[in-house]
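Coordinate inspection notes
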Amino acid sequence: MSQNRESGLHRALICLPETCPHDASRKLRCLLQVMSPALWVKDKQGNTPIHLCCKMLKKGLPHMDFYFEALSCILSTVCNLYTGELK
């Protein structure tokens, strides 16, 4: 975790749309497979990665498609964790 209490997943959600605009969703899906425990990490403002996606969507910032896809991937990962499909 970085000093401001963000997980790597928080940073990926912020940086991927800018650094890998054409491949951000695929990279996020790969990260979620290995970083699923970070889904429950809260940043300094108390936001989990799910909250961060929702905040970005609410702000109407650029890369809305990425944040819709990211939210969908995160929620799918959580469902898979609870049904035992993701180890």
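The present account deals with the structure reproduced in this document.

Thresholds applied
Residues numbered from 1 in each chain as written. Predicted model: local features only at pLDDT ≥ 70, side-chain atom pairs only at ≥ 80, totals over all residues. Heavy atoms only, no water. Helix = DSSP H or I, 4+ residues; strand = E, 2+ residues; numbered from the N terminus. Buried < 20%, exposed > 50% of the residue type's maximum accessible area, 1.4 Å probe, protein only. Contact = heavy atoms within 4.5 Å. Phe/Tyr/Trp six-rings, centres within 6.5 Å; stacked < 30°, edge-to-face > 60°. Axes fitted to C-alpha atoms, helices over the stretch in contact; angles between N-to-C directions. Parallel < 35°, antiparallel > 145°, perpendicular 65-115°, else oblique. Left-handed = near helix turned anticlockwise from the far one by under 90°. Nonpolar A, V, L, I, M, F, W, Y, C, P; charged D, E, K, R; others polar.

It is worth spelling out the environment of histidine 63 at this point. The topology assignment puts histidine 63 in the loop between helix H3 (49-59) and helix H4 (64-83). Among the residues examined, histidine 63 registers a relative accessible area of 31% and is labelled partly exposed. A C-alpha to C-alpha distance of 8.4 Å links histidine 63 and proline 21, two positions 42 residues apart in sequence. If near-sequence neighbours (up to four positions away) are discounted, histidine 63 is found in contact with Pro17 and Glu18.

Another aspect to go through is the packing of aromatic side chains. Under the definition given, this model contains one aromatic pair. Pairing phenylalanine 66 with tyrosine 67 gives two aromatic rings, centres 5.1 Å apart and planes at 75 degrees, and the pair type is edge-to-face. The pair formed by phenylalanine 66 and tyrosine 67 is uniform in burial state, with each residue classed as buried.

Moving on, we get to the packing of helix H1 (residues 8-19) against H3. At a minimum axis distance of 9 Å, the contact between H1 and H3 shows a crossing angle of 20 degrees. Comparing their axes, H3 and H1 come out roughly parallel. The interaxial crossing formed by H1 with H3 has right-handed handedness. Note on element contacts: H3 touches H1 through Pro49, Leu52, Cys53 and Met56, opposite Leu9, His10, Leu13 and Ile14. For the contact of H1 with H3, a count of residues per class yields seven nonpolar, one polar and no charged.

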